[in-house]
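Fold and geometry: a report
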Amino acid sequence: MSSIVVVGSVNDDIVASVSRLPAPGETVTGAELGRFPGGKGANQALAAQRLGADVSLIACVGDDAAADEALALLRRGGVDLSKCRRIEGATTGTALIAVAPSGENHIIVAPGANRMLTPDDVEAIHADALICQLEVPVPVVVEAARAFRGFFCVNLAPAAEIDVEVLQRADLVVVNETESNWYGGSLKACTGLVATTHGAGIATLARDGQLIAEAKPPSVQAVDTTGAGDTFTAALAVSLVEGQEPEQALRYACAAGAVATMKMGAQPSLPDRDSVLKWL
Ligand code: RIB
């Protein structure tokens, strides 16, 4: 079993299921409200654990009731939370999410305690792989990239200015289509694999600008795409660290991401290995 450390965010997701996503300045009423554990870091940690890795999460939460709810599924799933710090007086990160019947979403994040993670939190990480995203301060990701010696994966989400040394250090960079356009030519600095997702469309894996694999996610009935990118990232990292060939790993990650869209909420929908294999 591979050991994976995830450095990232923990959020309390407040989800409104709406008949359609509002345009700027528009009010859409009649929503159904739900509340689920989320945050890109937490989602990737639980996804990797459910897919068979031994996972530890480095994160910050507030000292509020939302923290317990946000950590509940991670705890139940067996993710090691001993490096999650509870910050006195801080609010747990919150995401306000609108989901349309197609599964498409809009997300607004109030980071709260996620902003309190510091480079000191990531100085001595020992594991087969480390996964980071950008919902925590960038200096934390930079320090993690510098200090860690194993397989390093960074999911450049949400898009933000990032030091070139992180791109040069990463064995695996994951972006969606929007992020890929946002980063543009700066992704040329990547020396490892670059995975690009296109929702239900074809995902690609490239190295030095050369396509080395592509895969199409299976066709599923999507109800909520929240967490699909996190599942894809975790599945691809786990699979590559386990020694799968890039093409096989990409197909597996596409299937995992697709399965994660079939239920409401980021973490309730994260699949285990068997439920992904059924779609391959
Ligand atoms: O990637 C999905 C996640 O983004 C949600 O769970 C939400 O918390 C936001 O961080």
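Below or above, wherever it landed, is the structure these notes cover. Every value quoted in this text rests on a predicted model; they were computed, and no experiment measured them. What you see as residue numbers is a count from 1 along each chain, following the sequence as written. Only residues with pLDDT of at least 70 are given local features in this predicted model, and only at 80 or more are side-chain atom pairs given and counted; all residues enter the totals for whole chains, interfaces and linings. Excluding hydrogens and water, the side-chain figures rest on all heavy atoms present in the structure.

**Comments concerning the overall build of the protein chain**
Within the protein chain one finds eight helices and 13 strands. The C-alpha atoms of the protein chain give 17 Å as radius of gyration, which agrees with the globular expectation for 280 residues (19 Å, within 12%). On the principal axes, the C-alpha backbone points of the protein chain span a range of 50 × 45 × 35 Å. Looking at the protein chain as a whole, 53% of its 280 residues are labelled buried. Excluding contacts between residues fewer than 6 apart, the proportion of contacts in the protein chain whose partners are at least 24 apart in sequence is 60%. As presented, the protein chain carries roughly 12,100 Å² of accessible surface, and 51% of it is formed by carbon and sulfur atoms. Only DSSP runs of H or I covering at least 4 residues are called helices, and only runs of E covering at least 2 are called strands; the numbering of each starts at the N terminus. As a reference, a globule follows 2.2 Å times the number of residues to the power 0.38, and the radius of gyration itself is taken over C-alpha atoms. In this scheme, a residue with accessible area under 20% of its type's maximum is buried, one over 50% is exposed, and one in between is partly exposed, where area comes from a 1.4 Å probe on protein chains only. Any two residues having at least one pair of non-hydrogen atoms within 4.5 Å are treated as being in contact. In these tables, accessible area is a Shrake-Rupley quantity obtained with a 1.4 Å probe, and a residue counts as shielded only by the protein chains included in the view.

**Points about the sheet that holds strand β13 (residues 210-215)**
Following DSSP output, two strands are said to pair if at least two bridges run between them. What the nine strands build is an open sheet, ordered β5-β4-β1-β8-β9-β10-β11-β12-β13; its pairing is mixed. For this open sheet the edge positions go to β5 (84-87) and β13, each flanked by a neighbour on one side alone. The mean angle between the axes of side-by-side strands here comes to 15°, regardless of whether they run parallel or antiparallel. Sheet analysis places strand β8 (residues 129-133) next to strand β9 (residues 151-155), joined by five bridges and oriented parallel. The residue bridging Leu130 from the neighbouring strand is Phe152, located in β9. Axis lines are fitted to C-alpha atoms, over the contacting stretch for helices. Their N-to-C directions set the angle, which ranges from 0 to 180 degrees. The sheet strands contacting helix α1 (residues 40-50) are β1 (3-7), β4 (54-62), β8 and β9, and the helix crosses β4 at an angle near 160°. The sheet strands contacting helix α2 (residues 65-77) are β4 and β5, and the helix crosses β4 at an angle near 175°.

**Looking at the nonpolar core**
Only buried Ala, Val, Leu, Ile, Met, Phe, Trp, Tyr and Cys residues count toward a nonpolar core, and they belong to the same one when joined by side-chain atoms within 4.5 Å. Ranked by size, the top nonpolar core spans 50 residues in total, and within it Leu57, Leu74, Leu172, Phe232 and Leu236 carry the most contacts. Discounting chain neighbours no more than four positions away, the residues touching Leu74 are Ala42, Ala45, Leu46, Leu57, Val79, Leu81 and Gln267. Core analysis: the next-biggest nonpolar cluster, separate from the first, contains 35 residues, Ile125, Cys132, Val138 and Ile162 among them.

**A few points about the site of the ligand**
Whether a residue is near a molecule or strand depends on its heavy atoms: it is near if one of them lies within 4 Å of it. In the vicinity of the ligand, 14 residues are found, and the nearest of them are Asp13, Gly39, Lys40, Glu135 and Asp230. One of the backbone nitrogen or oxygen atoms of Gly39 is found 2.9 Å away from an oxygen atom of the ligand. Any N or O atom pair separated by 3.5 Å or less is treated as a polar contact, with the protein-specific requirement of one donor-capable and one acceptor-capable atom, and with residues adjacent in sequence counted only for side-chain atom pairs. Note that an oxygen atom of the ligand is positioned 3.0 Å from one of the side-chain N or O atoms of Asn43. Basically, the charged four are Asp, Glu, Lys and Arg, the nonpolar ten are Ala, Val, Leu, Ile, Met, Phe, Trp, Tyr, Cys and Pro, and anything else, Gly included, counts as polar. In terms of residue class, the shell around the ligand is built from four nonpolar, six polar and four charged.

**Description of the pattern of salt bridges**
Between Lys or Arg on one side and Asp or Glu on the other, a salt bridge is scored when a side-chain nitrogen of the former is within 4 Å of a carboxyl oxygen of the latter. Under the definition given, this model contains seven salt bridges. The partner of Asp68 in a salt bridge is Arg86, and the shortest N-O contact between them spans 2.4 Å. Of this pair, Asp68 sits in helix α2 while Arg86 sits in strand β5; the two residues are 18 residues apart in sequence, bridging distant segments of the chain. Between Arg169 and Asp171 there is a salt bridge whose closest N-O contact spans 3.2 Å. By relative accessible area, Arg169 is classed as partly exposed at 23%.

**Looking at the layout of surface pockets**
Buriedness for pockets is judged along seven lines, at least five of which must meet protein on both sides within 12 Å for an open set on the 1 Å grid over protein atoms alone, while cavities are sets there where a 1.4 Å probe fits but cannot get out, and lining residues have an atom within 4 Å of a point. Grid points are joined across faces, edges and corners, and a volume is the space filled by probe spheres set on the points. In this model, the second largest pocket occupies a volume close to 250 Å³. For the lining of the second largest pocket, a count of residues per class yields five nonpolar, three polar and two charged.

**Regarding the sheet that holds strand β3 (residues 32-38)**
Here we have four strands laid out as an open sheet, ordered β3-β2-β6-β7, and mixed in their pairing. Each edge of the sheet is formed by a strand with only one pairing partner; in this case those strands are β3 and β7 (105-110). Pairs of neighbouring strands in the sheet enclose a mean axial angle of 20°, with direction left out of account. In terms of strand pairing, strand β2 (residues 11-17) meets strand β6 (residues 93-99) through seven bridges, oriented parallel. Counterpart to Asp13 in the pairing with β6 is Ala95. Lying over the sheet, α2 contacts β2 and β3, oriented at roughly 70° with respect to β3.

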